[in-house]
Amino acid sequence: MLVKFLDIAIGGLLMGGIYALIAVGFGLQYGVARVLNIAHGEFIMLGAFCTWTLFTGAGVTPLFSILFCAPFFFAFGFVTYRILFTPLRRSSESPAAFEANSMLASFGLLFVIQNLALIIWGTPVRGYSYLAFPIHLSGAVFSANRIVTLIASILLGSAFYAFLVSTRTGKAIRAAAQDPDAAELMGVRIHRVLALCFGFGTMMAALGGLLLSMTSIMLSPVMGMQYTLIAIIVVVLGGLGNIKGCFVGGFILGLVGYLVTSAQPGLSMVAYYVIFLFLLLVRPTGLLTK
Amino acid sequence: MKSRAKTYRFFIAAFTLLALLVGLPGYMSSYTVILLTNILMYVVLTLSWAIFSGPTGYISLASAAFFGAGVYMSALFSSSLPLPLVAIGGGAASFILALLVGSLTLRLKGMYFTMFTFGLVELVRNSVHWWEVNITGTVGRIILAADNTAIFYSMVAIFVAVLVVSHWITRSKLGLALQAIGESEEAAAHSGVNVTKVKTVTFAVSAFFMGASGATMSMRWTYIDPTTAFNIQFSFMPVLMAIFGGTGHLYAPIAGATVFSLLEEVLTTKFPYYYMLLFGLIMLVVIRFMPHGLEGVIEMWRNREKREPSEAA
């Protein structure tokens, strides 16, 4: 009984770390840059595939490829925001109109990225195994890569949190999250800060995908959508723009997912969704808000 | 008086279109009939999406859920009931689903509603998939195929119904209430509009037509499974087509859907591998450079026509 309980608790936590990281990125993009990024999952997929390509093609250790993936996807997101969303924000009549337009534009982005990936990597599923030896944790058994991903995601999340609280740019981001117009009046270069947020969000998604690919799951160009959905649910669970909340939400979702998957594998998405529905109706602002 | 003239003009235009559509199959190849049916399907989906989302500004991504509900009704009853009844049954199923979903979630504001409807499709698809695998022990189902012309006529009938209903809604008190909700929900509530009821009923009405067209279209596919029935593309397409056309006038979603489904037809035949990629690029360009869609271009042109004589005088 105890072993079973531990198994579920630890297994859920291990999955939850990645969910949290993905959700932090989504929360930045929607909470600050006001882009409900339906293409978020596609960046997760891209991150996973880049890691796969680097590992199987050039023999780069997955953890090491963070050094390449992080700056590359940050720049990708930054430039995308500058080319696509900054003009949209300028031409939209109201913030609500921008939210609608940017969401639709992210659909376009989804189609483009997903189909480019299909052209580059094709339809067959990919995967690799890395650090797959077992580790015994008080009776329950897990593969080492899961534990490494949990530690990595907590480290990345904390590093980003530290960045937000202790640097000038972090302060500008927090100001933009509270009120973009007021922040602009206070001298924050708002378009640049919003593009930075979108870039960081893209980077988080790609790093989430990188860690995800390490847990020996099957990669396919169409895998992104379910993670977008998970990111949305975790963000609603934890509250928009709340990093701690994202981690709490990620762990809750990881636990529920692990619990349901061990009983009825086909129903985990349904379980996530029921939580989501319940939460939206009871506390649409998230669990941790006052 | 002016609005009555407009109503007459609307009915004359609708009647001419209808007469043309009804007469056509006799003179066309079966390819053209199928193509027209496809266009009509997208027109119906886009128009019914615009009934609710046009005036209120609530962006619903649940179309695929309602379309799929219709498809599954047809899978259950296509062997025992005639086509029109199957279509109505599919519509009714979606109507009830939308009523349930709407009454639960339509108090969510703005993007939260969009997020919810986006997930709804996945929820229904996963639930149906689980049910089929674990309870009925199958994945796909076979639908009794119907004649292409019969499907075409059924689609025309649904098209006429959705046209009449959306015309009626824009001219009625319900339409004004929806417009008021779109402008400011709180102000509408304070002026005595039963906001939740109006939204839920309209949402369900728009779902009815999506379900009916799903039930009809599935007769062309003969084999369905949860992935084809609840294809998320049926959620994206109506939104995209409505944005491309515009939602301010009745002609705009029709024009948007027609142009876009023709474009889809050309792209799928010419570039089968790059079609979705091109589609995404077109989508980005449209949103970036034509925020008000075809309608914006047409209305600008019409206003210029109107203004020029007065400037000359």
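Everything discussed here concerns the structure shown above.
First things first, this report covers the structure right here in the doc. (Residues numbered from 1 in each chain as written. Chains lettered and ligands numbered in written order. Predicted model: local features only at pLDDT ≥ 70, side-chain atom pairs only at ≥ 80, totals over all residues.)

Concerning the overall build of chain B
When its secondary structure is counted, chain B shows 14 helices and two strands. Expected size for 313 residues packed as a compact globule is a radius of gyration near 20 Å; at 20 Å, chain B falls within 12% of this value. Each of the three principal axes of chain B carries a C-alpha extent, and together these read 75 × 50 × 40 Å. Long-range contacts, defined here as pairs at least 24 residues apart, represent 79% of the contacts in chain B between residues at least 6 apart. (Helix = DSSP H or I, 4+ residues; strand = E, 2+ residues; numbered from the N terminus. Rg over C-alpha atoms; globule rule 2.2 N^0.38 Å. Contact = placed C-beta atoms within 7 Å.)

Section: the nonpolar core
Within soluble globular proteins, side chains that are nonpolar generally end up buried alongside one another. Among the nonpolar cores identified, the biggest contains 180 residues, and I22, A23, C197, I230, I233 and V234 of chain A together with V44 of chain B are the most heavily contacted of them. Once residues within four sequence positions are removed from consideration, A23 of chain A is found in contact with A231, V234, V235, G238, C246, G249 and G250 of chain A. Ranked by size, the runner-up nonpolar core spans six residues in total, among them A177, I181, A188 and V198 of chain B. (Core = buried A, V, L, I, M, F, W, Y, C linked by C-beta atoms within 7 Å. Buried ≥ 20, exposed ≤ 12 C-beta atoms within 10 Å, placed from the backbone.)

Describing unusual backbone geometry
Residue and element names in this part refer to chain A. Non-glycine residue R34 carries a positive phi angle of around 55°. Mapping R34 onto the fold places it in the loop between helix 1 (2–31) and helix 2 (40–58). With 22 C-beta atoms counted inside 10 Å, the residue R34 sits in the buried group.

Here's the deal with the packing of helix 6 (residues 168–178) of chain A against helix 8 (residues 190–214) of chain A
All names here are of chain A. With their axes 10 Å apart at the nearest point, helix 6 and helix 8 run at an angle of 95° to one another. It follows from the interaxial angle that helix 6 and helix 8 lie roughly perpendicular. Across from T169, A172, I173 and A176 in helix 6, the residues of helix 8 making contact are I190, V193, L194, L196 and C197. (Axes fitted to C-alpha atoms, helices over the stretch in contact; angles between N-to-C directions. Parallel < 35°, antiparallel > 145°, perpendicular 65-115°, else oblique.)

Here's the deal with the environment of F236 of chain B
Residues and elements named next belong to chain B. Relative to the helices and strands, F236 resides in helix 11 (residues 233–245). C-beta crowding within 10 Å serves as the criterion here: with 21 such atoms nearby, F236 is assigned to the buried category. Separated by 102 residues in the primary sequence, F236 and N134 place their C-alpha atoms 30 Å from one another.

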